[in-house]
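A structural walkthrough
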Amino acid sequence: MAQRTRRMAFPRVVIESDTDSESSSEEEEEDEAPGAVAEEDEEEEVSDKANDGKMGGKLMDSLDVKKKQKAPITISLKNVCKVCKQKGHQAGFQGATYVDCPMKPCFLCKMPGHTTMTCPHRVAVEHGVIPAPCKNTRKLLDYVFERQLRADVTMIKPAFVIPDQVDCAVIRYHSRRITCLEFHPTNNNILLSGDKKGQLGVWDYVKVYEKTVYGNIHSCILNNMRFNPSNDGTLYAASSDGTVSCVDLETGMSFPLMDLNPNGWQGPANWRMLYGMDIIPEKSLVLVADNFGYLYLVDMRSNKKTGDAILIHKKGSKVVGLHCNPVQPEILLSCGNDHFARIWDVRQLEAGSSLYDLRHSRVVNSAYFSPQSGSKILTTAQDNRLRVWDYILGDLDSPSREIVHSHDFNRHLTPFRAEWDPKDPSESLAVIGRYISENYNGAALHPIDFIDTSTGQLVAEVMDPNITTITPVNKLHPRDDVMASGSSRSLFIWKAMKSELVQEVDEKNQKKIILCGKADKTNNKFGGETHDDSDVDTFSRKSKNLKCEKRESKSSRSYLTKRKR
DNA sequence: AGACGATGTGTCC
DNA sequence: TGGACACCCTCGTC
């Protein structure tokens, strides 16, 4: 076409690296014919001798000559791929669909040869389920063993209940992104939220208006919270400021249980940050771990550290998660940046004394025992895989299952953590936010995924067209069919209800969306117009009108990749 | 509307 | 071992 002849008339741009190579760019350029490209080509000035498109000594010489002559060489990068910087294709959004760079391995499963869009773990091949080698090689004794070990866990999977409708929300509630959530252990309607600034939110989501943010407890990231088992009016919080605080929820008054930076800022090599935390009520112990690989035990009665810090992960690496077994609280599961999750016996803790080391290929964001029997383990790693071990007393050398799931974005977002549904009697349902977006009816949304960890199947993808931000923090209620989500600075409560019921409830009580903070543009599309500090919008069921239809082809996909044995 | 920057991890030298 | 730099679809602010 005209555009092409024009292109031919201008010298080809040669970028100064030899990677702009070979045949691929030539062929692909012919396919691509946006009008703007030709225009932009006019910006490109390259020496005449570069016409053959090959980089060689001659060309380098000529470039040198040009440099000496101070002739400006401008190279427009507008029509190169922003991912690989090569010509002939463009990565990025086309409408609400993100097109991947074909030169990179799949961003979802990390394997070369295809892109995220065509990844077998994303696209349904047969009724949405990838045939997996589910050969059952378990022996009879295994079943006897399992029944003894998990006597109270039903073997028959009940229907999963998915909280999939936004019931109420506080938009821009926190001043920084939300990092952790916790439901009150006895008061069903209270949600606690921590943020990157160290602030603690207390919200009664049934009364909706009753909300507080305590701002003076920590000076930076609130990483984990646990309730005091002997007084549910107080909460322990571990923060990147190096302290564990004990907070009175009524007053917001707090005192530090432990401060690892008593002398203040002594440079990054000395600043200790606390990440993982859990509690052993029977021993009145708070366990916390820091960014240098050490575990600390704090006595809740004396509020004093007991014993020395113990190196539980690679020296200098962050320990991001601690979880005590619900049945055997002395059995501790830790995980961190050294690519391991480790099982420990708290009664005989010393460096290198772990009972098992569960190897991962990248950083482990979280590791949890199953909530009722404590006999399974679920980990989230930054290699885009969830791993499940079905028995802690079985073979732990490799996971029973690896489930490919998009959650690897680690910077600028709170790390994704897959968590068990505490109410699921079969201990198989888990929830985790998804990083990668999907095109739902023209909107790019990041769903919250419910995954059956016993099969790898995606049970539900929950989203609302008004929530366009990623939702990395999700907590299922310990007793009610309710889920809390933290997305950026906002909190959402989801309920499991039939949509008519939601509508009915909303008509009775419409004011369930609270808008806080500045009213500038935001990705959360709830509201629109708002006023100063805090205002209330009708939950106008914009979301209902916009309610997205699931894409037919992907309505039941599986992320299962590998099943052992 | 577009630019910028706060940020963590991996890889290279 | 440590510094420099590269990063995929962020998100809020100016």
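Residues numbered from 1 in each chain as written. Chains lettered and ligands numbered in written order. Predicted model: local features only at pLDDT ≥ 70, side-chain atom pairs only at ≥ 80, totals over all residues. Heavy atoms only, no water.

With that settled, the discussion passes to the overall build of chain A. When helices and strands are tallied, chain A shows 7 helices and 35 strands. In chain A, which comprises 565 residues, the share counted as buried stands at 52%. Taking contacts inside chain A between residues at least 6 apart in sequence as the whole, the part at least 24 apart equals 54%. For chain A, the exposed area adds up to about 26400 Å²; of that, 51% sits on carbon and sulfur atoms. (Helix = DSSP H or I, 4+ residues; strand = E, 2+ residues; numbered from the N terminus. Buried < 20%, exposed > 50% of the residue type's maximum accessible area, 1.4 Å probe, protein only. Contact = heavy atoms within 4.5 Å. Areas by Shrake-Rupley, 256 points an atom, 1.4 Å probe, with all protein chains shown as cover.)

A few words now on the pattern of salt bridges. With the rule as written, the count across this model stands at 22 salt bridges. Among the salt bridges present, the one from Asp167 reaches Lys512, with a minimum N-O distance of 3.0 Å. Separated by 345 residues along the polypeptide, Asp167 in strand β3 (residues 165–171) and Lys512 in the loop between α6 (499–508) and β33 (513–516) bring together distant segments of the chain. Put simply, Arg122, Arg434, Glu438, Asp449 and Glu461 are held in one network by salt bridges that share partners. (Salt bridge = Lys/Arg side-chain N within 4 Å of Asp/Glu carboxyl O.)

As a further point, take the side chain of Asp421. Note on placement: Asp421 falls in the loop between β24 (419–420) and β25 (429–433). Under the relative-accessibility criterion, Asp421 is labelled buried at 7%. Polar side-chain contacts of Asp421 include one of 2.9 Å to the backbone nitrogen of Lys423. Apart from the residues within four sequence positions on either side, Asp421 is in contact with Pro371, Leu429, Ala430 and Leu476. (Polar contact = N/O pair within 3.5 Å; in protein donor to acceptor, adjacent residues only side chain to side chain.)

In this section: the sheet that holds strand β29 (residues 457–462). The strands that make up a sheet are held in pairs by hydrogen bonds between backbone atoms, and each pair lies either parallel or antiparallel. If you walk across this open sheet you meet the 4 strands as β24-β25-β28-β29, and the pairing is antiparallel. Looking at the sheet topology across the chains shown, the edges are occupied by β24 and β29. (Pairing = 2+ DSSP bridges.)

So, on to the environment of Leu249. Note on placement: Leu249 falls in the loop between β10 (243–248) and β11 (254–259). For Leu249, a relative accessible area of 11% gives the class buried. Distance from Leu249 to Gly233, taken between C-alpha atoms, is 5.7 Å for residues 16 residues apart in sequence. Once you skip the residues sitting within four places of it in the chain, Leu249 turns out to touch His184, Leu192, Leu200, Val202, Tyr214, Phe227, Asp232, Gly233 and Leu235.

Next up on the list: the pairing of strand β23 (residues 401–404). Residues Arg401 and Ile403 line one face of β23 and the alternating positions Glu402 and Val404 line the opposite face, and both faces are buried. Two elements, strand β22 (residues 385–389) and β23, share 4 bridges in a ladder whose sense is antiparallel. Residue pairing across strands places Leu386 opposite Ile403, the latter belonging to β23.

Turning our eyes to something else, we now look at the protein's contact with DNA strand C. Not every one of the 25 residues close to DNA strand C is listed here, only the nearest: Tyr98, Lys110, Asp408, Ile470 and Ser488. By atom count, sugar and phosphate contribute 55% of the portion of DNA strand C lying within 4 Å of the protein. Between Ile470 and DNA strand C, the recorded distance is 2.9 Å, taken from a backbone N or O atom to a phosphate oxygen. When the residues that make up the surface near DNA strand C are grouped by side-chain class, the tally is 9 nonpolar, 7 polar and 9 charged. (Near = heavy atom within 4 Å. Nonpolar A, V, L, I, M, F, W, Y, C, P; charged D, E, K, R; others polar.)

A separate point is the environment of Thr179. Note that Thr179 resides in strand β4 (residues 178–183). The class of Thr179 is buried, set by a relative accessible area of 6%. In this structure, the C-alpha to C-alpha distance between Thr179 and Ser487, residues 308 residues apart in sequence, is 9.2 Å. Every residue in contact with Thr179, bar those within four places of it in the chain, is listed here: Gly194, Asp195, Lys196, Ile221, Leu222, Thr414, Arg417 and Val473. Among the polar contacts made by the side chain of Thr179, one reaches the main-chain carbonyl oxygen of Leu222 at a distance of 2.6 Å.

Time to look at the UniProt feature "repeat: WD" (unreviewed entry) in chain A. Residues annotated by UniProt as "repeat: WD" (unreviewed entry) correspond here to residues 171–204 and 357–390. Along residues 357–390 one finds 0% helix and 56% strand; the C-alpha atoms at either end are 15 Å apart. (UniProt positions renumbered as here; feature names shortened; annotations may be inferred.)

Turning to the sheet that holds strand β14 (residues 294–299), a few remarks are in order. The strand order across the open sheet formed by 4 strands is β12-β13-β14-β15, and the pairing between neighbours is antiparallel. Edge positions in the open sheet fall to β12 (274–280) and β15 (304–311), since each of these has one partner strand only. Pairs of neighbouring strands in the sheet enclose a mean axial angle of 20 degrees, with direction left out of account. Two strands pair when backbone bridges link them, and strand β13 (residues 285–290) and β14 are joined in this way by 5 bridges, in the antiparallel orientation. Residue pairing in the sheet places Val288 in a bridge with Tyr296 of β14. (Axes fitted to C-alpha atoms, helices over the stretch in contact; angles between N-to-C directions.)

Although it is not a glycine, Arg172 sits at a positive phi angle of roughly 55 degrees. Arg172 gets classed as buried once you look at its relative accessible area, which sits at 7%. Here Val208, not a glycine, exhibits a phi torsion of approximately 65 degrees, which is positive. With respect to the helices, strands and loops of the structure, Val208 is situated in the loop between β6 (200–204) and β7 (211–214). Take Val208: its relative accessible area is 3%, and that puts it in the buried class.

If you walk through the whole model with that rule in mind, you get 5 aromatic pairs. An angle of 80 degrees between the planes, with centres 6.1 Å apart, marks the rings of Phe183 and Tyr205 as edge-to-face. In this pair, Phe183 sits in strand β4 while Tyr205 sits in the loop between β6 and β7, placing the two residues 22 residues apart along the sequence. Relative to Tyr435, the ring of Phe409 has its centre 4.7 Å away and its plane inclined at 20 degrees; by these criteria the two rings are stacked. A residue pair is termed long-range when its members are at least 10 positions apart, and Phe409 in the loop between β23 and β24 and Tyr435 in the loop between β25 and β26 (438–440) qualify at 26 residues. Here Phe409 falls in the partly exposed class, since its relative accessible area comes to 29%. In this structure Tyr435 comes out as partly exposed when scored by relative accessible area, which is 26%. Connected via pairs of aromatic rings, a cluster forms that spans Phe183, Trp203 and Tyr205. Directly above the ring of Phe340 sits Arg342, whose terminal nitrogen or CZ lies 4.6 Å from the centroid. (Phe/Tyr/Trp six-rings, centres within 6.5 Å; stacked < 30°, edge-to-face > 60°. Lys NZ or Arg CZ within 6 Å of the ring centre and 35° of its normal.)

A few words now on the confidence of the model for chain A. Taken residue by residue, chain A gives an average pLDDT of 78. The fraction at 70 or more is 69%. Here residues 125–136 is a poorly scored stretch, pLDDT under 50, and it has 20 contacts once near neighbours within four places are set aside; other chains count. Residue range residues 537–558 is modelled with pLDDT below 50. Its contacts to residues more than four positions away, or to other chains, number 70 contacts. (pLDDT = per-residue confidence, 0-100.)

Right, let's talk about the pairing of β7 for a bit. Of the pairings in the sheet, the one linking β6 to β7 comprises 4 bridges and is antiparallel in character. Bridging from a neighbouring strand, Val202 pairs with Thr212 of β7. Connecting β6 to the next strand, β7, in antiparallel fashion are 6 residues, including Val208 with a positive phi near 65 degrees.

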